[in-house]
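So you can see what is in the structure, the chains are spelled out below.
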Amino acid sequence: MSGTTSLTGPRAGPEELRQVAARVRRHIIGMIGLAGSGHPGGSLSAADLLTALYFRVLRLNPADPAWPERDRFVLSKGHAAPALYAVLAERGFFPVEELRGLRRLGSILQGHPDMKSTPGVEASTGSLGQGLSFGVGLAAAAKLDRAAWRVYVMLGDGELQEGQVWEAAMSAVHFKLDNLTAIVDCNGLQIDGPVEEVMSISPLVDKWRAFGWNVLSIDGHDMVQILDALETADRQPGRPTVILARTVKGRGVGFMENRAEWHGKAPSGEQLEEALRALGASGGPESPGTAGAAPGGPGPGRDGRSGTRKGKGGGRG
Ligand SMILES: Cc1ncc(C[n+]2csc(CCOP(=O)(O)OP(=O)(O)O)c2C)c(N)n1
Ligand SMILES: [Mg+2]
């Protein structure tokens, strides 16, 4: 099998996913560099998790973003929009060339996700703390409809300081939303510095457990662990699952790694070239839009079925 075609196949393996994630990281840096603003740190930390979701786990149809049976993904840490846009483009929701429009007036790709502007974006986010509540609503709706689709929400670790997150955590358990998976990008940093210094969220495993969640802790850059956790989360009857993913903010670009100053700053000039070199771009600043988009069509899906799901009420393999 060759190139992108195999990546849309039902069981993209860890190595193929790593290759997609590498392209996603180059897109992130390229588009933020071109825009001259944006959030590289938290986009790079989320790149592997988002790639696994969009290329292996979520059931989607890029040719029909509103397919009623699709799984829903909510990027609660909306400032990581460049990572979401990169996976959506690679997955075929819109041409990769659109990435060049990041943060420009009239572009479909605004600085934070806008569900009315961008094919594949399920929720308008950016004001931290709200995405899990939105996900609880979606998951409850799926239950009421006896629909088989699942809901995934990604949050930042600093975002967990928002009280609304814990109201949502409480209600997800009360309503037995086992069709909901939360993923926390635990990169240890927020806008001003280390989360533990700004306001501690420890002990995180105990907190989620006390709220009644099933808790999984993984290395958020290890594709095998990511896939295992996402598949395990789908098989936990009666309660929601949270995946606490240890990550590195700025992952892949040495001078950005673990540096809070790269939370919301664009690389320019030499920094951009150095970053793209570190990410394996072949010569010069890679402009977003050089990699091929995956063709459309119903998504790979967890069980290898593609776009024909009729299941009612939880029979999700
Ligand atoms: C309600 C709200 N307050 C403040 C901000 C500004 N802000 C944007 S990103 C950020 C830090 C988020 O840190 P974290 O959740 O850890 O995200 P990550 O490290 O993954 O980038 C802040 C405070 C916001 N977007 N929303
Ligand atoms: Mg963080």
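Conventions adopted
- Residues numbered from 1 in each chain as written.
- Chains lettered and ligands numbered in written order.
- Predicted model: local features only at pLDDT ≥ 70, side-chain atom pairs only at ≥ 80, totals over all residues.
- Helix = DSSP H or I, 4+ residues; strand = E, 2+ residues; numbered from the N terminus.
- Buried ≥ 20, exposed ≤ 12 C-beta atoms within 10 Å, placed from the backbone.
- Contact = placed C-beta atoms within 7 Å.
- Near = placed C-beta within 6 Å.
- Nonpolar A, V, L, I, M, F, W, Y, C, P; charged D, E, K, R; others polar.
- Pairing = 2+ DSSP bridges.
- Axes fitted to C-alpha atoms, helices over the stretch in contact; angles between N-to-C directions.
- Core = buried A, V, L, I, M, F, W, Y, C linked by C-beta atoms within 7 Å.
- Parallel < 35°, antiparallel > 145°, perpendicular 65-115°, else oblique.
- Right-handed = clockwise from strand over helix to strand, strands pointing away.
- pLDDT = per-residue confidence, 0-100.

1. Observations concerning the overall build of the chain
Tallying secondary structure elements over the chain gives 10 helices and 5 strands in all. Each of the 317 residues in the chain was classed as buried or not, and the buried ones make up 52%. Restricting to contacts in the chain with at least 6 residues of sequence separation, those with at least 24 account for 77%.

2. Digging into the site of ligand 1
What surrounds ligand 1 is a group of 20 residues, the closest being Gly42, Gly156, Gly158, Glu159 and Gln190. Per-element accounting of the shell around ligand 1 gives the leading share, 3 residues, to helix α3 (residues 40-57). Its residues assigned to classes, the shell around ligand 1 shows 3 nonpolar, 12 polar and 5 charged.

3. Remarks on unusual backbone geometry
The residue after serine 202, namely proline 203, is reached through a cis peptide bond having omega -10 degrees. Among the secondary structure elements, proline 203 is positioned in the loop between α7 (195-198) and α8 (204-210). Unlike most non-glycine residues, arginine 103 shows phi in positive territory, near 65 degrees. You can see arginine 103 is positioned in the loop between α4 (81-91) and α5 (131-144). Take arginine 103: there are 19 C-beta atoms within 10 Å of it, and that puts it in the partly exposed class.

4. Topic: the sheet that holds strand β5 (residues 241-246)
The strands that make up a sheet are held in pairs by hydrogen bonds between backbone atoms, and each pair lies either parallel or antiparallel. Reading across the sheet, the 5 strands line up as β1-β2-β3-β5-β4 and stay open at both edges, with parallel pairing between neighbours. Strands with a single pairing partner mark the edges of an open sheet, and in this sheet they are β1 (72-75) and β4 (214-219). For this sheet, the mean angle separating the axes of adjacent strands, direction not counted, is 20 degrees. In this sheet, strand β2 (residues 151-156) lies alongside β1 in parallel orientation, the contact comprising 4 bridges. Residue pairing across strands places arginine 72 opposite valine 151, the latter belonging to β2. Packed onto the sheet, α5 meets β1, β2 and β3 (180-186) and runs at close to 170 degrees relative to β2.

5. Remarks on the environment of leucine 50
With respect to the secondary-structure elements, leucine 50 resides in helix α3. With 33 residues separating them along the chain, leucine 50 and alanine 83 place their C-alpha atoms 7.5 Å apart. The residues contacting leucine 50, other than those within four sequence positions of it, are Ala83, Leu84 and Val87.

6. Comments concerning the nonpolar core
By size, the foremost hydrophobic cluster in this structure holds 83 residues, and its most contacted members are Ala52 and Ala83. Residue contacts for alanine 52: discarding those within four places in its chain leaves Leu17, Val57, Met223, Ile226, Leu227 and Leu230.

7. Describing the packing of helix α2 (residues 14-35) against helix α9 (residues 223-233)
Angle between the axes and distance between the axes: these two values describe a pair of packed helices. Packing of α2 against α9 brings their axes to within 9 Å, and their N-to-C directions diverge by 105 degrees. Overall, the two elements α2 and α9 adopt an arrangement that is roughly perpendicular. Listed contacts from α9 to Pro14, Leu17 and Arg18 of α2 are Met223, Val224 and Leu227. Residues of the contact of α2 with α9, tallied by class, amount to 5 nonpolar, no polar and 1 charged.

8. Topic: the pairing of β5
Here 6 bridges tie β3 to β5, and the two strands are oriented parallel to one another. Bridging from a neighbouring strand, isoleucine 183 pairs with isoleucine 243 of β5. Sheet topology places β4 next to β5; 6 bridges connect them, and they run parallel. Each bridged residue has a counterpart across the sheet, and for isoleucine 218 the counterpart in β5 is alanine 245. Taking the sense of rotation as the criterion, the β-α-β connection linking β4, α9 and β5 turns out right-handed.

9. What about the packing of α2 against helix α10 (residues 270-278)?
Put simply, α2 and α10 touch, their axes get as near as 9 Å, and they point 170 degrees apart. One element, α2, and the other, α10, form an angle in the roughly antiparallel class. Contacts between α2 and α10 involve Arg26, Ile29, Gly30 and Gly33 from the first element and Leu272, Ala275 and Leu276 from the second. Within the contact of α2 with α10, the residues separate by chemical class into 4 nonpolar, 2 polar and 1 charged.

10. Section: the environment of leucine 75
Position of leucine 75 relative to the elements: it lies in strand β1. Along the backbone, leucine 75 and threonine 125 are 50 residues apart, and their C-alpha atoms lie at a distance of 6.9 Å. Aside from chain neighbours lying at most four places away, what touches leucine 75 is Ala80, Leu84, Pro113, Thr125, Gly131 and Met154.

11. A short note on the confidence of the model for the chain
Across the chain, the average pLDDT comes to 89, with 85% of residues at or above 70. This model gives residues 1-10 a pLDDT under 50, and the stretch forms 19 contacts once residues within four places in sequence are excluded. In this model residues 283-317 is a low-confidence stretch, pLDDT under 50, and it forms 87 contacts with partners more than four residues away in sequence or in other chains.

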